[in-house]
Each structure stands twice: as structure tokens, then as C-alpha cells.
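Here are the chains, one letter per residue:
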Number of protein chains: 2
Amino acid sequence: MVHEVEHRTLTAYLEEHSLKNTKQRAAILDVFLSATGHITSEVLFQQVREQHSNIGYTTVYRTMKLLCDAGLASERRFDDGVTRFEIAHEHHDHLVCTRCGKIIEFECAMIEKTQNEIAERHGFRVLRHRHELYGHCRDCREDSP
Amino acid sequence: MVHEVEHRTLTAYLEEHSLKNTKQRAAILDVFLSATGHITSEVLFQQVREQHSNIGYTTVYRTMKLLCDAGLASERRFDDGVTRFEIAHEHHDHLVCTRCGKIIEFECAMIEKTQNEIAERHGFRVLRHRHELYGHCRDCREDSP
DNA sequence: CGTGAAAATGAAAATCATATTCAAATTCAA
DNA sequence: TTGAATTTGAATATGATTTTCATTTTCACG
Ligand SMILES: [Mn+2]
Ligand SMILES: [Mn+2]
Ligand SMILES: [Zn+2]
Ligand SMILES: [Zn+2]
């Protein structure tokens, strides 16, 4: 069975919160885990619909929120106004190409450390952050060889 | 005359782009420059209305966009879904308190340099970025003395 | 297995910030 | 002064997401 671990995680979360294990939730989790990258709600909905033509958009929205709460998905909102989801994995930030939409992940312990020092200097306790670099990727640069 | 320099900047921009110097634009610029911090469209509109009860919300939106284009204002969108404007000044990033809404500005040459190196490593040309730290300010921390 | 209370679903309608439309008013170069 | 171009503001549209609510489904318990 594919995505067995994640389905068990979801089931555990549902039980823990007295929520119900529906076929829609399992189906959306399956489609989400099979998709790659940073997927929009709309694309996710379309892919869900290919296999389950009766699942509503509302249920997709609600289920993705649930998957985020369960720690299986992460919600991202870049500057184009639509919400994207990615399979939850360790913290990272993003490079976003404003021409082709490519999204590259990066992480930098030094930046993280420095930003926390800055925050501390201001008496701030950082709970989360977003660090997004917008520009042109290698393929979209004018001066690309 | 207050804000003389900025009014001249606006006039120059308008002339340069064959746009018209209206009393609404001047009024909105005045109110905007008199406001402090990172002001939402709604608050700005309310403050404009106090002095000019006939100026429409639409005109405020359009004028703020214009002031951004003219380099007098900067648009910011933090995670609460509303657009804010601040008087344009040199590049900086933000600490945002999710309890009281306080916004603190910071800048760090090392972070800027490091992020550009990361981007370059990926073949990326960075055109703009956002680096926002969300958390609790000194006054809102649970463990504040 | 049934049962029923609680939860979930999906279609439609609501929200909410912002954008667009359009007729009337204003600006400003000539 | 004038009239073509621009701007204004009220109303309406937009578009992503959320809420509503009647109906359906789940599942703990008997
Ligand atoms: Mn990512
Ligand atoms: Mn600022
Ligand atoms: Zn690209
Ligand atoms: Zn605070």
C-alpha cells in the first residue's frame, strides 16, 4: 500500500481529535502525496477530480487545512496570491522565478542564526518566518548563455 | 508648505507620464506623509476622509499605487491579508508581532550578501525579496519581566 | 449487525480586499 | 477658452477562500 506511513499519521491525528476517517480525506491525501513540488489548490483539486469526480472544492480546501494541522502538509503563499501546498519536510526557504514559476528551496543555518540574533536584540521571540527571493532562474535570465 | 519636496516629486512624475495633477492626489499624498509607520489602506482611507469627505476608496487605492510607482511609497503585505503602505526609504526587512501588530524594521548586510550568494549558486538573479520574522515582541512575550 | 449522535460533505451563497466599469467631472496644452 | 485626454467615485465585478445548511456518512455502543 502506497503512502502507508502518512495514512497512518492521518488516522492517528483523526482519532486523536475525534474526527472521522472518510474516503475523501484518504483520496485527497493520496493525490497530494503523489504530486510533486509546490502545488496550488486549483491544480490539486483538478488532480483529485480526475480520480474522484464527485469530491468538491470545499472538501479539498478543508482537507488540506487538516493535513497541515496534522503535520503532513505545509501551506505556502508566495506573491502571486494563490495558496500552494508542499509535503511537509524540514524548514527551508524559497527562491521563486517570476518568469517561469520555478521554485527552488534553500536553507542557511547562518542566516537563521543571524536573524534570531537580530530578533533577540529587539526583544523579539520569533515563532516563524518567511524568506523569499524573487527573480529570474538560470533558464530565464536574459544573460543566460 | 509641508511635504514640499514630495509634492514636487509627485508633480514631476505626473508630468513625466502625462498624468494630471489633481487635488485628490495631493490630498492623499499629504495624509499619507503625515501618517506614521505601516498604514493599511483602510486606515489611510479613513484619515483621508476626515479632511476630504468626498474622496472615494477607489481613488485612494489608485493613488497609493501611483505613489508607489513614483517612488514615494512602498507597499507591504504581511501575513494578515491586508496591504500596508510606508513612506519609501532604504531597503529593510521586518519583524512583525502577531499579538499587538507592532512592526520593527531591520537590515543586515550579511544576510543580504549571504542570500545573494545562495541565489547565485542556483543561477538565480534576485530582483527583490521579503524576509519577515513573525513572533512576539518584548511587550507581548509571556516571559517578559 | 443495527442505531443514532456527531461529524463530514458538497452545492450554493457569502466574504473581503481589491480591481474594473462607466458616466460625469476635471485638468491642462494649445 | 476649449476640447481631448485623464480622473473621479459609485456601483459592480473579481477571485480566492470560507461559511452555510440540508443531506449523507462515520463509528462507538449496544
Ligand atoms: Mn518548499
Ligand atoms: Mn518598513
Ligand atoms: Zn524561470
Ligand atoms: Zn507585540
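Predicted model only: the values in this text are computed from it and were never measured.

### Quick notes on the sheet that holds strand β2 (residues 73–77) of chain A
All names here are of chain A. In space, the three strands of this open sheet follow the order β1-β3-β2, with antiparallel pairing throughout. Pairing within the sheet leaves two strands with one partner each, and these edge strands are β1 (39–40) and β2. With five bridges joining them, β2 and strand β3 (residues 83–87) adopt antiparallel strand pairing. Residue pairing across strands places Arg76 opposite Arg84, the latter belonging to β3. Helix α2 (residues 23–34) contacts β1, β2 and β3 of the sheet and is inclined by roughly 80° relative to β3.

### Regarding the layout of surface pockets
Looking at the largest pocket, its volume works out to about 1,200 Å³. The set of elements that each furnish at least two residues to the lining of the largest pocket consists of β2, β4 (93–97) and β6 (125–136) of chain A together with β2 (73–77), β4 (93–97) and β6 (125–136) of chain B. The class makeup of the residues in the lining of the largest pocket is six nonpolar, 17 polar and 17 charged.

### Some words on the protein's contact with DNA strand C
Looking at DNA strand C, there are 22 residues lining it, with Lys20, Thr59 and Arg62 of chain A together with Lys20 and Thr83 of chain B nearest. Considering the 4 Å shell around the protein, atoms of DNA strand C inside it are sugar or phosphate in 67% of instances. Side-chain polar atom of Lys20 of chain A to a base nitrogen of DNA strand C: 2.6 Å apart, as the coordinates give it. One of the side-chain N or O atoms of Thr22 of chain A is found 2.6 Å from a phosphate oxygen in DNA strand C. Where the surface near DNA strand C is concerned, the elements lending two or more residues are α2 and α4 (57–69) of chain A together with α4 (57–69) of chain B. A breakdown of the residues in the surface near DNA strand C according to their chemical character gives four nonpolar, twelve polar and six charged.

### Some points on the relation of the copies chain A and chain B
The relation between the two chain copies is a rotation about an axis coupled with a shift along that axis. Placing chain A over chain B gives an RMSD of 0.0 Å and needs a rotation angle of 180°, together with 0.0 Å of translation along the axis. Put plainly, the chains are arranged around a two-fold axis. Residue His131 of chain A, judged by its C-alpha, is the member of chain A lying nearest the rotation axis, at 2.1 Å. The fraction of interface residues of chain A whose copies in chain B are also interface residues reaches 100%, indicating that both copies meet through the same surface.

Criteria and cut-off values
Residues numbered from 1 in each chain as written. Chains lettered and ligands numbered in written order. Predicted model: local features only at pLDDT ≥ 70, side-chain atom pairs only at ≥ 80, totals over all residues. Heavy atoms only, no water. Pairing = 2+ DSSP bridges. Helix = DSSP H or I, 4+ residues; strand = E, 2+ residues; numbered from the N terminus. Contact = heavy atoms within 4.5 Å. Axes fitted to C-alpha atoms, helices over the stretch in contact; angles between N-to-C directions. 1 Å grid on protein atoms, 1.4 Å probe; cavity = no way out; pocket = protein on both sides within 12 Å on 5 of 7 lines; lining within 4 Å. Points joined across faces, edges and corners; volume = space filled by probe spheres on them. Nonpolar A, V, L, I, M, F, W, Y, C, P; charged D, E, K, R; others polar. Near = heavy atom within 4 Å. Polar contact = N/O pair within 3.5 Å; in protein donor to acceptor, adjacent residues only side chain to side chain. Least-squares fit on C-alpha atoms with pLDDT ≥ 70 in both.

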